[in-house]
Protein chains: 2
Amino acid sequence: MIDAGQLTDFGAEVLTSLDVPADDAHLVADSLVTADLCGHPSHGMLRLPWYVARLRSGVMQPITAPELVVDIGALAVMDAHQGVGQVVTDRACTEAVARAEEHGVGVVAVRNSNHFGTAAYWTRRMAQAGCVGILTTNGSPAMAPWGGTRKTVGANPWSVAAPAGTRDPVVLDIANTGVARGKIYAAAQRGEPIPDTWAIDENGVPTTDPKVAVHGLLAPMGGHKGYGISFIMDVLSGVLTGSGYAEQVVGPYVPDQQSNCGHLVLALRVDAFLPAEQFAVRMEDLIQTTKSVPLADGTREIFYPGEIEARAERAGRLRGVDLPAQTLSDLRELGDSCGLSFDELTGHTGTAVG
Amino acid sequence: MIDAGQLTDFGAEVLTSLDVPADDAHLVADSLVTADLCGHPSHGMLRLPWYVARLRSGVMQPITAPELVVDIGALAVMDAHQGVGQVVTDRACTEAVARAEEHGVGVVAVRNSNHFGTAAYWTRRMAQAGCVGILTTNGSPAMAPWGGTRKTVGANPWSVAAPAGTRDPVVLDIANTGVARGKIYAAAQRGEPIPDTWAIDENGVPTTDPKVAVHGLLAPMGGHKGYGISFIMDVLSGVLTGSGYAEQVVGPYVPDQQSNCGHLVLALRVDAFLPAEQFAVRMEDLIQTTKSVPLADGTREIFYPGEIEARAERAGRLRGVDLPAQTLSDLRELGDSCGLSFDELTGHTGTAVG
């Protein structure tokens, strides 16, 4: 177990050593560690070495200097100029929330960005600021269009979050594949097989080998519906924003090519629609109604979207983060390459846990 | 085969006989006939008798008089006061597009509405007006929350559409169930069994009997993901708008209870983000890329979202509408009850085709 705060500090130190400003570095590290805490290691510190490789190659800029190329009150278009995805998205969400403060709704379209971690991290912050937050992104091709055999459609995650009174915010975060590609990487790191519904190999045959699946095609969530959703998320995130789309988008695990990904941020200020207290009461009532439904066999509790993650994060901040052995080893090596000792900075014993 | 124009006129005459103004009546009928033409009879003229029953009972108002209870530039909240769902949604979309004309984005939240037909009908109109159109709604409970055994979650359809240059607009329209409940009604009308993945009976056992499924639970699209999406669509459509949510929402097939459903409309004016011509070129390129992917065995063509429906509608407007025998019989009876002859008004021979 590693203390979440120390792990975050380690990540921030690594990024600072590569000329990322301290606050930005801390934000990126926090977004990754939070994903680990929430039970999504596929989007956690596993990814820090990828980011570092992209900073070193120069395709991602350590100093994020986004530019508003359209700025018309409720709406803005931001050119991220290849900045760090998390920093870009922080600026975009802050802009959207500020515009919603004045107009009830704020929209920020982002082009030329980079991978921003989990979408939920950002929409949850908008929810904590009193908004319904909506965030879409595109990603590198992961699926064939329905009926095709070549990847042109990304997993294109999208998230919607809303404040929920005294409850943790409702947070939906969906990749339009049956599973996120990161889960296949995580399985490959653990050396475990995957269910045969997650991916097909290059010839269209289902596979349980994550190493084969990485080079194959992911299946869309819900068949043709997931294809349709992912297609439209590319329209919103890539085509509309003026960023790359379809095969133009490059994944964060590629060290030396610009990402070309884009995002669309929408913030809807709750109290523009109805009094915030009334919204809170209604959300708590919806959640109560949902959680009171009689349980199916084998179910111990009904959860609302985001509840499991919020609970896991709270526990993990007390108990520590449990990283897979491969990730620990990768982070130790990464620290060494930056002149930083992972074990010293995190207080880790050096024994692989996972 | 029935001429689409004549079928629309019949529907309009029926509604006019119940005091719906002529333009509104025509709009409702067109929305239903368009669904039939697009290959979605579950949302077509099959539903006209339901609407009539609701007008007759007084729970739906023939004269739609929506009121803007919030009006702050880019954003408005509309109380539909139990008006006709299609007429309400037409007004809301028109408002959203007009606000987007000035602010780049327009948001209209609708409370106390009624069933509006297919969501795609409305987002496509926003796309034709130069906007990315987004529309969500909630509906009566159709699914249990994930792990539960009682219905609290609607199918809660949502749609996103975008103009696509010289192509028909891209139109996504998703119900968050594995299938729309209307498809089960349509199967019941045809007397055909349903796949065992569509629904479970009241005891949680999969069923192939559509008559049993109508009283059972629909399964969510993509398992827990579909549950999460549908939950959040209820937050957007019901909780945020100040309308009903969860078990408060009543389906359009119930003749004598207020619907309490709500909708959220967002319009994003394309040329606020980038020049419309550039957007058109990019959309055409995305579609071309998608349709050029090598085909899987058994596939003859790759379609983009909305393409199949647009093609079917065009053909149907020339060729006529093919309604199931039960729907024909129901419409004939409905006409009789309004003092209108279905066969005379539609030029139908009286022979059931289906």
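Thresholds applied
- Residues numbered from 1 in each chain as written.
- Chains lettered and ligands numbered in written order.
- Predicted model: local features only at pLDDT ≥ 70, side-chain atom pairs only at ≥ 80, totals over all residues.
- Heavy atoms only, no water.
- Helix = DSSP H or I, 4+ residues; strand = E, 2+ residues; numbered from the N terminus.
- Expected span 1.5 Å × (residues − 1).
- Contact = heavy atoms within 4.5 Å.
- Buried area = accessible area lost by both parts, 1.4 Å probe.
- Salt bridge = Lys/Arg side-chain N within 4 Å of Asp/Glu carboxyl O.
- Polar contact = N/O pair within 3.5 Å; in protein donor to acceptor, adjacent residues only side chain to side chain.
- Nonpolar A, V, L, I, M, F, W, Y, C, P; charged D, E, K, R; others polar.
- Buried < 20%, exposed > 50% of the residue type's maximum accessible area, 1.4 Å probe, protein only.

**Considering helix α11 (residues 307-319) of chain B**
Inference 1: In this model α11(B) runs 18 Å from its N-terminal to its C-terminal C-alpha over 13 residues, within 8% of the 18 Å that 1.5 Å per residue would give.
Inference 2: In this structure, the buried side of α11(B) is in contact with α2 (22-37), α5 (119-128), β8 (167-174) and α10 (276-291) of chain B.

**So, the interface of chain A and chain B**
Inference 1: Listed per partner, the contact involves 75 residues of chain A and 74 residues of chain B.
Inference 2: Summed over both partners, the interface of chain A with chain B buries about 5,900 Å², with 75% contributed by carbon and sulfur atoms.
Inference 3: Viewed at the interface, chain B and chain A are joined by zero salt bridges.
Inference 4: Scanning the region where chain A abuts chain B turns up 21 residue pairs in polar contact (both at pLDDT 80 or more).
Inference 5: Every element with two or more residues in the side of chain A that touches chain B is listed here: β2 (75-79), β3 (105-113), β7 (158-164), β8 (167-174), α8 (224-239), β11 (261-269), α9 (270-273) and α10 (276-291) of chain A.
Inference 6: Broken down by element, the residue count for the side of chain A that touches chain B peaks at 12 residues, all from α8(A).
Inference 7: In terms of residue class, the side of chain A that touches chain B is made up of 50 nonpolar, 18 polar and seven charged.

**A few points about the pattern of salt bridges**
Inference 1: If you walk through the whole model with that rule in mind, you get 34 salt bridges over all chains.
Inference 2: When the shortest N-O distance is used, the salt bridge between Arg99(A) and Asp71(A) registers 2.9 Å. Of the two residues, Arg99(A) sits in helix α4 (residues 85-103) while Asp71(A) sits in strand β1 (residues 67-71), which places them 28 residues apart along the sequence.
Inference 3: In this structure, Glu307(B) engages Lys291(B) in a salt bridge whose closest nitrogen and oxygen atoms are separated by 2.9 Å. Note that Glu307(B) is positioned in helix α11 and Lys291(B) in helix α10, a separation of 16 residues in sequence. Neither Glu307(B) nor Lys291(B) differs from the other in exposure class; each is buried.
Inference 4: Counted as one network, the salt bridges with shared partners bring together Asp24(A), Asp90(A), Arg91(A) and Arg125(A).

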